[in-house]
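An overview of the molecular structure
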Amino acid sequence: MSARDEGTRTAGAEAVPVLSAEGLTVRFGERTALTDVSIEIPRGYTVSIIGPAGSGKTTLLRSFNRMNEVIPGSSQAGTIRFAGRNLHSAAMDPAEVRRRIGMVFEDAALFPGSVFDNLAFGLRARGEEGDLHGIAEAALQAAGLWSEGAEILETRAGDLSAEERRRMCIARTLALKPDVLLVDEPTSTLDPAAASRVESLIHALRDDYTIVFATCDHTQAGRLSDLTAYLDSGRLLEYGPTQTLFTNPRNPRTEFYLTGRLQ
Amino acid sequence: MSAPARSRETHRVRRWLRALGGVAAGITLAALCMLAVVMLLNAGRGPDAGISAHSGLLAAVAGTLWLAILTAAIAVPVGVGAAVYLEEYAPRTRAWRFLASVLANLAGVPPVVYGIAGLALFVRGMGLGPSILAGGLTLGVLTVPRVIANSRRALASVPESLRWNALALGATRWQVVREQVLRAAAAGIVKGCSAALVRAVGAAAPLLIIGAASFTTFAPVSPSDPLTSLPTQIFAWTARPQAGFPALAAGASVTLLFVMALIGLVLWDIRRRHGEARR
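Let me begin by describing the structure that accompanies this report. Given the structure is predicted, the values throughout are model-derived calculations rather than measurements.

Attention now moves to the state of the cysteines. Evaluation of the coordinates by the stated rule reveals zero disulfides over all chains. Considering cysteine sulfurs only, Cys 216 of chain A is the nearest to Cys 169 of chain A, which forms no disulfide, with 18 Å between them.

Between its first and last C-alpha atoms helix 2 (residues 58-89) of chain B spans 45 Å; for 32 residues at 1.5 Å apiece the expected length is 46 Å, and the two agree. At Ala 75 of chain B, helix 2 of chain B shows its largest bend, some 25 degrees, and a proline, Pro 77 of chain B, comes one to four positions later.

Here the focus is the interface of chain B and chain A. On the chain A side, the residues contacting the 18 residues of chain B number 25 residues. Among the residues of chain B in contact with chain A, Trp 164, Asn 165 and Leu 169 of chain B are the three that bury the most area, contributing 33% of the side total. Here chain B and chain A share zero salt bridges between them. For the pair chain B and chain A, the interface holds five residue pairs in polar contact (both at pLDDT 80 or more). Among the elements of the structure, helix 6 (160-167) and helix 7 (173-201) of chain B are those that each provide at least two residues to the side of chain B that touches chain A. For the side of chain B that touches chain A, the class distribution of residues is eight nonpolar, five polar and five charged.

The next thing to look at is the sheet that holds strand 3 (residues 46-50) of chain A. All names here are of chain A. Read across the sheet, six strands follow the order 6-7-8-3-9-10 without closing on themselves; strand pairing throughout is mixed. With partners counted over all chains shown, the strands left at the sheet margins are strand 6 (101-104) and strand 10 (235-241), one partner each. Along the sheet, successive strands turn relative to each other by an average axial angle of 15 degrees, direction set aside. Strand contacts of helix 2 (residues 57-64): strand 3, strand 6, strand 7 (180-184), strand 8 (210-214) and strand 9 (227-232), with the helix running at about 155 degrees to strand 7, the strand carrying the most contacts.

How each quantity is defined
- Residues numbered from 1 in each chain as written.
- Chains lettered and ligands numbered in written order.
- Predicted model: local features only at pLDDT ≥ 70, side-chain atom pairs only at ≥ 80, totals over all residues.
- Heavy atoms only, no water.
- Disulfide = S-S within 2.5 Å.
- Helix = DSSP H or I, 4+ residues; strand = E, 2+ residues; numbered from the N terminus.
- Expected span 1.5 Å × (residues − 1).
- Bend = angle between axes of the 7 residues up to and from the residue.
- Contact = heavy atoms within 4.5 Å.
- Buried area = accessible area lost by both parts, 1.4 Å probe.
- Salt bridge = Lys/Arg side-chain N within 4 Å of Asp/Glu carboxyl O.
- Polar contact = N/O pair within 3.5 Å; in protein donor to acceptor, adjacent residues only side chain to side chain.
- Nonpolar A, V, L, I, M, F, W, Y, C, P; charged D, E, K, R; others polar.
- Pairing = 2+ DSSP bridges.
- Axes fitted to C-alpha atoms, helices over the stretch in contact; angles between N-to-C directions.

Here is the structure:
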């Protein structure tokens, strides 16, 4: 068993986790989306969040880069730390937080214009004056969209296939060189062949990034992640090494979910 | 029912619908043509009474163009700015809901009421007199709520996920609004502004209340010149008893339609170029 598989509790003891939540509760108006969630994401690990629809997977991802606060009526209790620093302290600029902790949404909206326009937006927003084409090329290569060469830069984003769109949205985030990559449902709305190719891309990115992803497909969590968190009705019921959680779950509800018997 | 039969049926329904649409369009077009012919015939009868022979349209056309420019200069920046604030920035408090409903109601207030307000505020209060400027300000104020309503609709139709994706790339609110939301909503905003402007330019009632001149000896060259416009000129001429004036009014109506079409064409061109820029 590699060091990666030993789990968060032991890993957390030796190094400060890159992300951690403590007693996190998130509400949208009257509705409580997350209740008292505490979790640590060790640097360099790939963590999957699984659970039934509406269990708070997306909300947990969004709270890691302060994207919940843009939803009117949202409120939050508890602490989130990024490399030991409080994510909500006055010194933290939310725009800077979102550049360092990049997120790829399930509903990945394309910006009007070309693929280059899409990649340049985030770079220009942070005041990047260097070689935008060079950065865009590197990001597109990392996301596997450079196979046909520089032509892709001038392609209209709307003309891309579903798989290429997903790759472009990943490239958009990679261009900013984030410390952590949050991915919501990496392969939803893709056909099985495209889904498996995008999954390979995520697998390749594991070596360079700390990745947290949410998925409805727990077999995907098994294939991709070192650690798995099981969310159920906004509560974190179980969190640990993926292998242990899948083969020997401690919580009966985790077992019910994994074996398809959850009512 | 088998698949080919169902497809034949769909085909037949579609053909019927297309024919129905054609008939409706034809009736509308025929009515418009008839209107134009009647107006042209009336105009063609020519002026035959003393003063009417010397009555021209230059002043009214120039006044209408002045009013269009002034109205746009006031209503577009204020209206679009207010819409952006309301949709993109303002927190949805009770005060927001109150303000939004007041603005929506203002868009429905009859133009005559704006005329009275304009008379009190601009003509008398600010001492502008019955000038082009007073008329432009009144039409501008009247148009602002409509521009707000139409622009808000365009902004609200931009999917929330576009804002989220842009924000998540570390952009500020204003960068997201300027670079993505406004670009995505541009076509709808320009369209909404055009609709509001065209309605303002065609309005006669508020200008009549302010005191539009029905007799001017020169075309307005600056906003401080006496207020005159095509709709008010038409109104003034139809009210005259002499024989030549109905013909003049008809001719002026054709001119008004022509000027409106011209303004519409300019706005359509702006819209078209915006649409291309987006792609």
